[in-house]
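# Examining the three-dimensional arrangement
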Amino acid sequence: MGLALHIIEGFIPNPFMGIVPGAKIGLANIIGLMALVLFGLRFALAVNLMRVFMAGMLTGAVTSMMYGLAGALFSTLLMWTALHFLKRFLSLVGVSVLGALGHNVAQLSVAGAMIQNIRIFVYLPFMMFASIFTGIFIGLTAYFVLQKVKYRFTNITYSLI
């Protein structure tokens, strides 16, 4: 499902392109966040990393795959940490925003290493600004989908607020 959402997102006009080039909504992250809540870290890592790898192979964007793998790995680990240690302080939306922020830090770190220039981090505040909106959207969407399927799972305990 994450791969399908990734492909579908490629056909949707990017609302951030004029403001923050390279920023995406990240629809596939809905599935990754849901996998983390429902099935835990190992399953979420498998879902996210396989999705990025398969998307890279399907599109031929190997460089993008390196950014995506770093972003998926770091954001999933960060969200898992938040789910387990900051659950009292963060809603699912907050966890999602944190994951979006972490995703951008990881991607810019890879880009900085690839071009061997730390100045790329000047772009980080703009990416973080977009991350707030995308993280809220992804978190809200995951929350509402989880509410629809929670009768099938007993381990969903997250609130919206």
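Residues numbered from 1 in each chain as written. Predicted model: local features only at pLDDT ≥ 70, side-chain atom pairs only at ≥ 80, totals over all residues. Heavy atoms only, no water.

Another point: the packing of aromatic side chains. Throughout the structure, instances matching the rule amount to five aromatic pairs. Aromatic side chains Y123 and F126 sit 6.4 Å apart centroid to centroid with 35° between the ring planes, which places their arrangement in the tilted category. Looking at F126, the relative accessible area reads 46%, which means it is partly exposed. Centroid distance F129 to F133: 5.2 Å. Interplanar angle 75°. Geometry classified as edge-to-face. Linking F129 with F133, this pair stays in helix 6 (residues 124–149), spanning four residues, or about one helical turn. On the basis of relative accessibility, which here comes to 45%, the residue F133 falls in the partly exposed class. (Phe/Tyr/Trp six-rings, centres within 6.5 Å; stacked < 30°, edge-to-face > 60°. Buried < 20%, exposed > 50% of the residue type's maximum accessible area, 1.4 Å probe, protein only. Helix = DSSP H or I, 4+ residues; strand = E, 2+ residues; numbered from the N terminus.)

On to the UniProt feature "transmembrane region" (unreviewed entry) in the chain, then. Here, the residues flagged by UniProt with the feature "transmembrane region" (unreviewed entry) are residues 25–45, 57–83, 89–108 and 120–146. Between the end C-alpha atoms of residues 25–45 the distance is 20 Å, and the span holds 81% helix and 0% strand. Secondary structure content for residues 120–146 is 85% helix and 0% strand, while the C-alpha to C-alpha distance between its ends is 37 Å. (UniProt positions renumbered as here; feature names shortened; annotations may be inferred.)

Residues F129, I132, F133, I136, L140 and F144 make up a contiguous nonpolar surface patch of about 540 Å² in total accessible area. The topology assignment puts I136 in helix 6. According to the relative accessible area criterion, I136 is partly exposed, its value standing at 35%. (Patch = residues over 30% accessible without salt bridge, like charges linked within 9 Å, V, L, I, M, F, W, Y side chains within 5 Å. Areas by Shrake-Rupley, 256 points an atom, 1.4 Å probe, with all protein chains shown as cover. Salt bridge = Lys/Arg side-chain N within 4 Å of Asp/Glu carboxyl O.)

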